[in-house]
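In case you want the letters, here they are:
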Amino acid sequence: MPESSSQTNSPSSSAAPAQVAAIQDALAEGSLRDRLRELPPNQLAQLLSELPDALVATILFDWEGLWARQSQLVPPGDWNTWLILAGRGYGKTRTGAETVRSFVEKGLAKRIALVAPTAADVRDVMVEGESGLLACCPAWFKAHFEPSKRRITWKRGGREVARATLFSAEEPERFRGPQHDLVWGDEPASWLDPDEAWAQLQLGLRLGKKPRAIITGTPKPIDLLIRLLAEVESGRTFVTRGSTYENTANLAANFIEQIGRLYGNSRLGKQEIYGDILTAVAGIFDMVKVLEARVAKAPEELDRVVIAVDPAQNSTTGTDETGIVVVGVKDGHGYVLEDASLKGSPDVWASEVASKFHEWQAESVVAEVNVGGEMVEFTLRTVDASLPVKTVRAMRGKAKRAEPIAALFEQGKIHLVGHHPKLEKQMKTFTGLNGRRDDRTDAMCWGFHELLITPGFAFV
């Protein structure tokens, strides 16, 4: 299945009439799926480039007949909620978008709610993403996006036949009032208040003969998902599970290599690759595995060393901690060399960073700038103008950033060198929730993202 449907602008047809006729016959009789799936990507692209535009568009947008795996098709039965819990890259977003499109085209949905953790998520992923609604809808049934009105409309003959409204789970109060016959909610485990949001959505899901909800996301042990799973036996919930590897043909080879290397056979791999819900775990780090990987000393001549810094939120008063953690790497293994975190004014913590940089002969300072912005780098350079500073900005939560690091600890690929009591205490209860002071752990994660995670892959 093509990753997006933006390939409809094909060159003029150069295929022989007999070839075109054979493809049209195969399309009509339903035997084209296997033929297309057997072609390597370059041959498929070549074939499509030789066909008439109209036929190419028909092929590219035939989700149910050609591209969807069986598990991605709307399930049978009288379910109320379709819960799609699968690993990263499974195709959850594409499944949700194509299902919404199918319901709209068939007249099964006229008022739809699109819900994601933030307003940016619903726009960038569910609507404008490579597998979002705009990419999935063909020109002959185009989705018209009006960002200022937070809505998408579909029209036939100039008349509106369906409308989807964009909602952020950060504002569950907005769910009060609007009525819907279909809800597509993405990544509920990252919603601000999943229970409140779901309750309000359910109260508004009251239009049509059979209002339904589709939930897509990486599974997390939140109460909402556990309650929905408990309704499978009654038939009210239909659950689809799937792994990253089911969609290998449509994923970059380096992504498959990277996710396997990071998560491998780890506990988190069951969640991030295979879509299992992990329960009865207090924090993200499996401390048994973390402590088992401890070493007395680091290898000689480390390949790289960086000083990772997570500045205090109230650094001007010196009442909060600034995370300062020295980490290194040797032959693909990471090492926590020193926890130098402290409470102090900007001048105090910046001086400590400069001191550790020279003491460990580090290659750079990696500093988060979500709090403090340009002042963080300015403060460091004021203390020592020679410091090579790399600034990083968190786009996602701490949990996302910590998960691959926790998996590498579990696989024995990251080691505590000696004992770091305060850092280890934080790691034992680290959940990545907002409002917690996890500066030491967060700094450590930033350092290992720099040393061990492929650029562009980091969940920051």
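Please read these numbers as outputs of a predicted model, since none were measured by experiment.

## Section: unusual backbone geometry
- Positive phi outside glycine occurs at Glu301, with the angle close to 50°.
- With respect to the helices and strands, the residue Glu301 is situated in the loop between helix H13 (287–292) and strand E9 (304–310).

## Points about the packing of helix H17 (residues 421–428) against helix H18 (residues 439–452)
- As a packed pair, H17 and H18 sit with axes 8 Å apart at the nearest point and diverge in direction by 90°. Viewed along their axes, H17 and H18 adopt a mutual orientation that is roughly perpendicular. Residues Lys422, Leu423, Gln426 and Met427 of H17 touch H18, and the partners they reach there are Asp439, Arg440, Thr441 and Met444.
- When the residues that make up the contact of H17 with H18 are grouped by side-chain class, the tally is three nonpolar, two polar and three charged.

## Concerning the nonpolar core
- Counting residues in hydrophobic clusters, the biggest one holds 41 residues, and the most contacted among them are Ile284, Phe285, Val336, Phe409, Met427, Met444 and Phe448.
- Among the secondary structure elements, those contributing two or more residues to this core are helix H11 (253–263), H13, E9, strand E10 (321–330), helix H16 (398–410), strand E15 (414–416), H17 and H18.
- By size, the runner-up hydrophobic cluster in this structure holds 31 residues, among which are Met126, Leu133, Cys137 and Ala164.

## As for the pattern of salt bridges
- Summed over the entire model, instances satisfying the criterion amount to 27 salt bridges.
- The closest approach of N and O atoms between Asp124 and Arg123, which form a salt bridge, is 2.9 Å.
- Owing to a relative accessible area of 33%, Arg123 belongs among the partly exposed residues under this scheme.
- For Glu231, the salt bridge is made with Arg236, and the minimal N-O distance between the two is 3.9 Å.
- With relative accessibility at 26%, the residue Glu231 sits in the partly exposed group.
- On the accessibility criterion, Arg236 (42% relative accessible area) is partly exposed.

Rules of the game
- Residues numbered from 1 in each chain as written.
- Predicted model: local features only at pLDDT ≥ 70, side-chain atom pairs only at ≥ 80, totals over all residues.
- Heavy atoms only, no water.
- Helix = DSSP H or I, 4+ residues; strand = E, 2+ residues; numbered from the N terminus.
- Axes fitted to C-alpha atoms, helices over the stretch in contact; angles between N-to-C directions.
- Parallel < 35°, antiparallel > 145°, perpendicular 65-115°, else oblique.
- Contact = heavy atoms within 4.5 Å.
- Nonpolar A, V, L, I, M, F, W, Y, C, P; charged D, E, K, R; others polar.
- Core = buried A, V, L, I, M, F, W, Y, C linked by side-chain atoms within 4.5 Å.
- Buried < 20%, exposed > 50% of the residue type's maximum accessible area, 1.4 Å probe, protein only.
- Salt bridge = Lys/Arg side-chain N within 4 Å of Asp/Glu carboxyl O.

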